[in-house]
Amino acid sequence: MRIASTVSAPAEEKPLPLAGVRVIEMGQLIAGPFCAKTLGDFGAEVIKIEPTGAGDPLRNWRLIREGTSVWWQVQSRNKQSIALDLRQQQAQDIARRLLAEADVLVENFRPGTLEGWGMAPGQLQALNPRLIILRISGYGQSGPYRDLPGFGLIAEAMGGLRHLTAEPGRVPVRVGVSIGDTLAALHGALGVLMALYHRDARGGTGQVIDVALYEAVFNCMESLIPEYDAFGAVREPGGSALPGIAPSNAYPCIDGWVLVAGNGDSIFKRLMAAIGRDDLGEAPDLAHNAGRVARVAEIDGAIADWTRGRQVDAVVAAMAQAQVPAGKVYTARDIAEDPHYAARGMLLDQSTRDGYSVKVPGIVPKLSATPGGVRRSAPHLGEDTDAVLAALGITPGQIAALRERGIVQ
């Protein structure tokens, strides 16, 4: 099946690294669909199976335009939509027929759901030995917590992140986006690529990839556990600072906050010179990080005293002149108006099925020879049901009968 394009293609088509890879997405909301979106951006043919009725709940999350979430326009680009009631045997049979010809299955249901539909990994790989099955869940497919319901925010807490996202002594706050789900999605995409390489370049077969949300978060927690094991040190919330590394913090300005990272030895000297504190920059005990950590409150105070009487933009400009990493705290408006975002192609004007255009995030990562792209805007619910079923050899009359019984939509 070829994906119809609703987005202008470049004058000279470039190859897509995942062209020819067929992905069946059976997830919903964030983790599974984000993974499949990432694969689709780089050429994979993604067929999304949605429940009949309302479809993926993400269609109705956050701000709505023309009856559909604008978030949906990002999460479901480069996908086809087929609506199946997988509680019914005939819908399960259709899913199995799709999986028999697929390269990858992406699912993020609670463990046991696939098995309840007669689609356990062993059953699917008996049908299609080349099938790679990505399973994303809260706690993984094994272990004592396996059957507990798990969402991204719980994973962020169990993975160790939420404990650190707070000012000391105050309530832990969420990062502001579904970072646990997104980290799991990216780990899942990485796993799919490794499994495809093993299968196609190493003569292997399909396999199961088990991604737990909490483990994806935990994998990013840097030295948290080695420090505890070696020293009994329990890292505590540091607010906007980077505990144990100095100076790196948010500092007050007349019109907001600025982030300054002066934690390299030579960078620290340049930072102190820029704010008129050569006494600190040349102090022997501050030449290395350990000494600066011991006097971090004094150093942070000196930087804050300098930034407090200046505009954010003036501080950022002065830091750029001194070659010290610094930046303002971007809002959505700042991103939309920033020339660097525009120059990097990170704001795409994407047409929608409902006839309007909306800016969406660009393609990441950027490959020089085989860049990704948007070939198709996010589908309406069940928009591709007839085409997908017809490609399986199901006749229009049979499709009509399936639709009449609520098996497909």
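The structure reproduced in this document is the subject of the present report. (Residues numbered from 1 in each chain as written. Predicted model: local features only at pLDDT ≥ 70, side-chain atom pairs only at ≥ 80, totals over all residues. Heavy atoms only, no water.)

Along the chain, the regular secondary structure elements total 18 helices and 13 strands. Each principal axis of the C-alpha atoms in the chain carries an extent, and together these give about 85 × 50 × 40 Å. Put simply, 68% of the contacts in the chain that link residues at least 6 apart link residues at least 24 apart. Approximately 20,000 Å² of the chain is accessible, and the part contributed by carbon and sulfur atoms is 57%. When the 40 positive and 44 negative side-chain charges of the chain are each reduced to one mean point, those points stand 4 Å apart. (Helix = DSSP H or I, 4+ residues; strand = E, 2+ residues; numbered from the N terminus. Contact = heavy atoms within 4.5 Å. Areas by Shrake-Rupley, 256 points an atom, 1.4 Å probe, with all protein chains shown as cover. Lys, Arg positive; Asp, Glu negative; His and termini not counted. Charge placed at Lys NZ, Arg CZ, Asp CG, Glu CD.)

Bringing empty space enclosed by the protein into the picture now. Per the counting criterion, the structure on display carries one cavity of 30 Å³ or more. Quantified by volume, the largest cavity comes out at close to 30 Å³. In terms of lining residues, the largest cavity is bounded by Arg59, Thr68, Trp72, Gln73, Arg353, Asp354, Ala378, Pro379 and His380. Classifying every residue of the lining of the largest cavity gives three nonpolar, three polar and three charged. (1 Å grid on protein atoms, 1.4 Å probe; cavity = no way out; pocket = protein on both sides within 12 Å on 5 of 7 lines; lining within 4 Å. Points joined across faces, edges and corners; volume = space filled by probe spheres on them. Nonpolar A, V, L, I, M, F, W, Y, C, P; charged D, E, K, R; others polar.)

This paragraph deals with the pairing of strand β6 (residues 104–107). Covered by surrounding structure in β6 are Val104 and Val106 together with Leu105 and Glu107, the residues of both alternating faces. By the bridge criterion, three bridges tie strand β1 (residues 22–25) to β6 in an arrangement that is parallel. Within β6, the residue paired with valine 23 across the bridge is valine 104. (Buried < 20%, exposed > 50% of the residue type's maximum accessible area, 1.4 Å probe, protein only. Pairing = 2+ DSSP bridges.)

Right, let's talk about the sheet that holds β1 for a bit. Remark on secondary structure: sheet strands pair via backbone hydrogen bonds, oriented parallel or antiparallel. On the basis of which strands lie adjacent, the open sheet formed by six strands has the order β5-β2-β1-β6-β7-β8 and parallel pairing. Unpaired on one side and paired on the other, β5 (79–83) and β8 (208–212) mark the two borders of the sheet. Between one strand axis and the next, the sheet turns through 20 degrees on average, direction left out of account. Across the sheet, helix α3 (residues 89–100) lies against β1, β2 (45–50), β5 and β6, angled at about 165 degrees from β2, the strand it touches most. (Axes fitted to C-alpha atoms, helices over the stretch in contact; angles between N-to-C directions.)

In this section: the sheet that holds strand β9 (residues 248–253). The three strands lie next to each other as β9-β10-β11, forming an open sheet whose pairing is antiparallel. One side of each edge strand has no neighbouring strand; the edge strands of this open sheet are β9 and β11 (326–328). When strand polarity is set aside, the average angle formed by the axes of neighbouring strands in this sheet is 25 degrees. Pairing of β9 with strand β10 (residues 256–261) involves six bridges; the strand directions are antiparallel.

What follows concerns helix α13 (residues 296–307). Under the 1.5 Å per step criterion, the end-to-end length of α13 is 16 Å for 12 residues, consistent within 8% with the ideal 16 Å. What α13 keeps buried is the set Ile299, Asp300, Ala302, Ile303, Ala304, Trp306 and Thr307. Contacts from the buried residues of α13 go to β9, β10, α10 (265–274), α11 (278–281), α12 (289–294) and α14 (312–321). (Expected span 1.5 Å × (residues − 1).)

Here we come to the environment of leucine 86. Relative to the assigned elements, leucine 86 resides in the loop between β5 and α3. For the pair leucine 86 and leucine 114, spaced 28 residues apart in sequence, the C-alpha separation works out to 9.8 Å. Each residue touching leucine 86, except ones within four places of it in the same chain, is listed here: Met26, Ile49, Ala91, Gln92, Ala95, Trp117 and Met119.

Our focus in this paragraph is the packing of helix α1 (residues 31–41) against helix α7 (residues 179–201). In the contact formed by α1 and α7, the axes pass within 8 Å of each other and the chain directions differ by 45 degrees. When the axis of α1 is compared with that of α7, the two are oblique. The two elements α1 and α7 cross, and the hand of that crossing is right-handed. For the pair formed by α1 and α7, the contact residues are Ala31, Phe34, Cys35, Thr38 and Leu39 on the first element and Asp181, Thr182, Ala185, Leu186, Gly188, Ala189, Val192 and Leu193 on the second. A class-by-class count of the residues in the contact of α1 with α7 yields nine nonpolar, three polar and one charged. (Parallel < 35°, antiparallel > 145°, perpendicular 65-115°, else oblique. Left-handed = near helix turned anticlockwise from the far one by under 90°.)

Before going further, it helps to examine a nonpolar patch on the surface. Together, Phe218, Ile225, Tyr228 and Val234 make up a nonpolar patch on the protein surface, roughly 400 Å² of accessible area in all. Mapping isoleucine 225 onto the fold places it in helix α9 (residues 224–231). (Patch = residues over 30% accessible without salt bridge, like charges linked within 9 Å, V, L, I, M, F, W, Y side chains within 5 Å. Salt bridge = Lys/Arg side-chain N within 4 Å of Asp/Glu carboxyl O.)

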